[in-house]
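Chain by chain, the residues:
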Amino acid sequence: MITIVDYGVGNLFSIKNMLKKAGFDAKLASDAASIETADKIILPGIGAFDHCMTQFNRSGLREVVTRKVIDDKTPLLGICVGLQMLMESSEEGSEQGLGWISGKTVKFVKEKIGDLKVPHMGWTNVRIEKESALTSDLDLQPRFYFVHSYHVVPEDKSDEILSAHYGYDFTAAVGRKNIFGAQFHPEKSHRFGMKLLENFARI
Amino acid sequence: MKRVRVIPALLIHKQGLVKSVRFKDYRYVGDPINAVRIFNEKEVDELAIIDIDATRENRPPNIARIAEIVSEAFMPIAYGGGIINADQVRDILSVGVEKIILNRAAVKNPELVTEIARQFGSQSVVVSIDYKKNFFGKPVVYVENGKTSTGLNPILFAKQMEEAGAGEILLNSIERDGGFEGYDLEMIEKVAHAVNIPMIAIGGAASLSDFKRAVQYGASAVSAGSFFVFQRPHRAVLISYPSQQDLEKYVYDWL
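As a starting point, this report considers the structure included with it.

Some details on the sheet that holds strand S7 (residues 120-128) of chain A
All names here are of chain A.
Then, in step 1: Spatial strand order, S2-S1-S3-S4-S12-S11-S10-S7-S8: nine strands in an open sheet with mixed pairing. The open sheet has two edge strands, strand S2 (26-29) and strand S8 (143-148), and neither has a second partner. Ignoring which end each strand starts from, the neighbouring axes of this sheet average 30° apart.
Then, in step 2: By the bridge criterion, three bridges tie strand S3 (residues 40-43) to strand S4 (residues 76-79) in an arrangement that is parallel. Considered in S4, the bridge of Ile 41 is made with Leu 76.
Then, in step 3: Most of the contacts of helix H7 (residues 190-202) go to S3, to which it runs at about 135°, and overall it touches strand S1 (2-5), S3, S4, S7, S8 and strand S12 (179-182).

Digging into the interface of chain A and chain B
Then, in step 1: In this complex, chain A contributes 24 residues to the contact, which on the side of chain B involves 33 residues.
Then, in step 2: Roughly 2,300 Å² is buried in total at the junction of chain A and chain B, and carbon and sulfur atoms are behind 52% of that figure.
Then, in step 3: Its largest share of buried area at the contact with chain B, chain A owes to A:Lys117, A:Lys188 and A:His190, together 28% of the area lost on that side.
Then, in step 4: Counting across the interface, chain A meets chain B through three salt bridges.
Then, in step 5: Two residues, A:Lys188 and B:Glu98, come together in a salt bridge whose shortest N-O distance is 3.3 Å.
Then, in step 6: At the junction of chain A with chain B, the criterion picks out 12 residue pairs in polar contact (both at pLDDT 80 or more).
Then, in step 7: If you list the elements that add at least two residues to the side of chain A that touches chain B, you get helix H1 (12-21), S7, S8 and H7 of chain A.

Some words on the environment of B:Arg213
All names here are of chain B.
Then, in step 1: With respect to the helices and strands, the residue Arg 213 is situated in helix H8 (residues 208-216).
Then, in step 2: Given the relative accessible area of 35%, Arg 213 is considered partly exposed.
Then, in step 3: Each C-alpha atom of the pair Arg 213 and Ala 35 lies 27 Å from the other, and the pair is 178 residues apart in sequence.

Quick notes on the nonpolar core
Then, in step 1: Counting residues in each nonpolar core, the largest one holds 79 residues, and the members touching the most others are B:Leu102, B:Tyr183 and B:Phe211.
Then, in step 2: Of the residues forming this core, the biggest block, six residues, is contributed by helix H7 (residues 185-194) of chain B.
Then, in step 3: In this structure, B:Phe211 is in contact with B:Val6, B:Tyr183, B:Ala205, B:Val222, B:Ala224, B:Phe227, B:Phe228 and B:Val251, ignoring residues within four places of it in sequence.
Then, in step 4: Residues A:Ala38, A:Val69, A:Phe144 and A:Tyr145 belong to the second largest nonpolar core, which totals 69 residues.

A few points about the sheet that holds strand S6 (residues 103-107) of chain A
Then, in step 1: Taken in spatial order, the three strands make up an open sheet running S5-S6-S9 (chain A), and their pairing is mixed. Of all strands in the sheet, those with a lone pairing partner are strand S5 (89-90) and strand S9 (150-154) of chain A, marking the two edges.

Here's the deal with the pairing of strand S8 (residues 139-143) of chain B
Residues and elements named next belong to chain B.
Then, in step 1: Burial within S8 is extensive, with five of its five residues counted as buried.
Then, in step 2: Burial of S8 is two-sided: the residues Pro 139, Val 141 and Val 143 facing one way and the residues Val 140 and Tyr 142 facing the other way are all buried.
Then, in step 3: Where strand S7 (residues 125-133) and S8 come together, four bridges link them in antiparallel fashion. Bridge assignment links Lys 132 to a residue of S8, and that residue is Val 140.
Then, in step 4: Two successive antiparallel strands, S7 and S8, enclose a turn made up of five residues, where Gly 137 displays a positive phi of approximately 80°.
Then, in step 5: Sheet topology places S8 next to strand S9 (residues 148-149); two bridges connect them, and they run antiparallel. Residue pairing across strands places Tyr 142 opposite Ser 149, the latter belonging to S9.
Then, in step 6: Turn length for the S8-S9 hairpin, with the two strands adjacent in sequence and antiparallel, is four residues, and the turn residue Glu 144 shows positive phi of about 60°.

So, the side chain of B:Glu46
Then, in step 1: Topologically, B:Glu46 is positioned in the loop between helix H1 (32-41) and strand S4 (47-51).
Then, in step 2: Taking the relative accessible area as the measure of exposure, B:Glu46 reaches 3% and is therefore buried.
Then, in step 3: Here the side chain of B:Glu46 touches A:Tyr145 through a polar contact of 3.3 Å, side chain to side chain.
Then, in step 4: Setting aside residues up to four positions removed in sequence, B:Glu46 forms contacts with A:Tyr145, B:Arg5, B:Val6, B:Ile7, B:Pro8, B:Met75, B:Pro76 and B:Lys99.

Criteria and cut-off values
Residues numbered from 1 in each chain as written. Chains lettered and ligands numbered in written order. Predicted model: local features only at pLDDT ≥ 70, side-chain atom pairs only at ≥ 80, totals over all residues. Heavy atoms only, no water. Pairing = 2+ DSSP bridges. Helix = DSSP H or I, 4+ residues; strand = E, 2+ residues; numbered from the N terminus. Axes fitted to C-alpha atoms, helices over the stretch in contact; angles between N-to-C directions. Contact = heavy atoms within 4.5 Å. Buried area = accessible area lost by both parts, 1.4 Å probe. Salt bridge = Lys/Arg side-chain N within 4 Å of Asp/Glu carboxyl O. Polar contact = N/O pair within 3.5 Å; in protein donor to acceptor, adjacent residues only side chain to side chain. Buried < 20%, exposed > 50% of the residue type's maximum accessible area, 1.4 Å probe, protein only. Core = buried A, V, L, I, M, F, W, Y, C linked by side-chain atoms within 4.5 Å.

Shown next as structure tokens:
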């Protein structure tokens, strides 16, 4: 079953609700045993990077999630800060990231966005940078709901599967083997987000 | 293409959906869950849901009811009404709401804004600044559905709220509410210049060009009530939302 990691952070209910609308059951898991049986894992995250990392490290779930994702190759989708946690580090904090995707998370560069306000909040169109199971058959003009002040910069450009523009182009989603991440909130992005979650559920 | 958020604001009164004129003359317009379902089908950018009874009745937010409404919403939701502490905010966010809206609590207890921002991030705190002009023509902030004057200046209060940690300001003109006479552009411009956080304008929208104008005067997003629930000229109840084509053509075109 699709398992949403409940480490005390993020909008878990909405993710479960959107998956249900797409026709997939999901469960919230706050103990290692329920993650053990997961065939897909969703890692949510919202708020400050350090807070998310600390909570995740303390939850006792990091070990089992790591084993599932790295050894068993269970597909994982990080959402929002859940994506940023996949990287090696973040300018927002001092905690180390998981480092499953090479690269870091940086703040929107003020000089490059001019008058635009941070956080970037609202609906923005995305562009497909690389074919991926996560983004197959998306709408012709897919748009998603974003709320973030930081964005990821993958070291290997081929990890970027979606990009978006806010003053400049930034990475909106990554995909590397069984590991995926989205900066936006698919659970709050109508049929566009539903399609993306459905794609993830079918991987 | 750059987009701006276009946000229907829904008022809940005695379990029903209502719409006011100048924060008075509440008229029943339907069932909230049904309305959320329709707005969902229309793929609205975001919804603001405000329980206008909670604060007045001194009762806490009805979490079960919020959860019921939100379970039909696949877009971001902001909820306001009766919030006085951070524990309530945790409960509200945990049922699938993205943001909470403070009005009286922000005036009485600005530290609550700071506390919510610290615990849940500033993107989760919206402060609704409801204002109207006093006898001398000076704008003043009101609370409790526009009934109680605070004596505060909306521009200074907006700045204070930004400093306290608010993520957004909902600038709400009481005098323009339900009037279909356009936004208060002068105040939008002043508040937008005074703060660096996004400001959502509400009160008076009658057309897509009003949305566009509000953005041209500095609003980061636009909201409305009557515009989305009434069809003019006779104010027949009809839930509507502009199509993507119309938004692109009349609102986003100059962005």
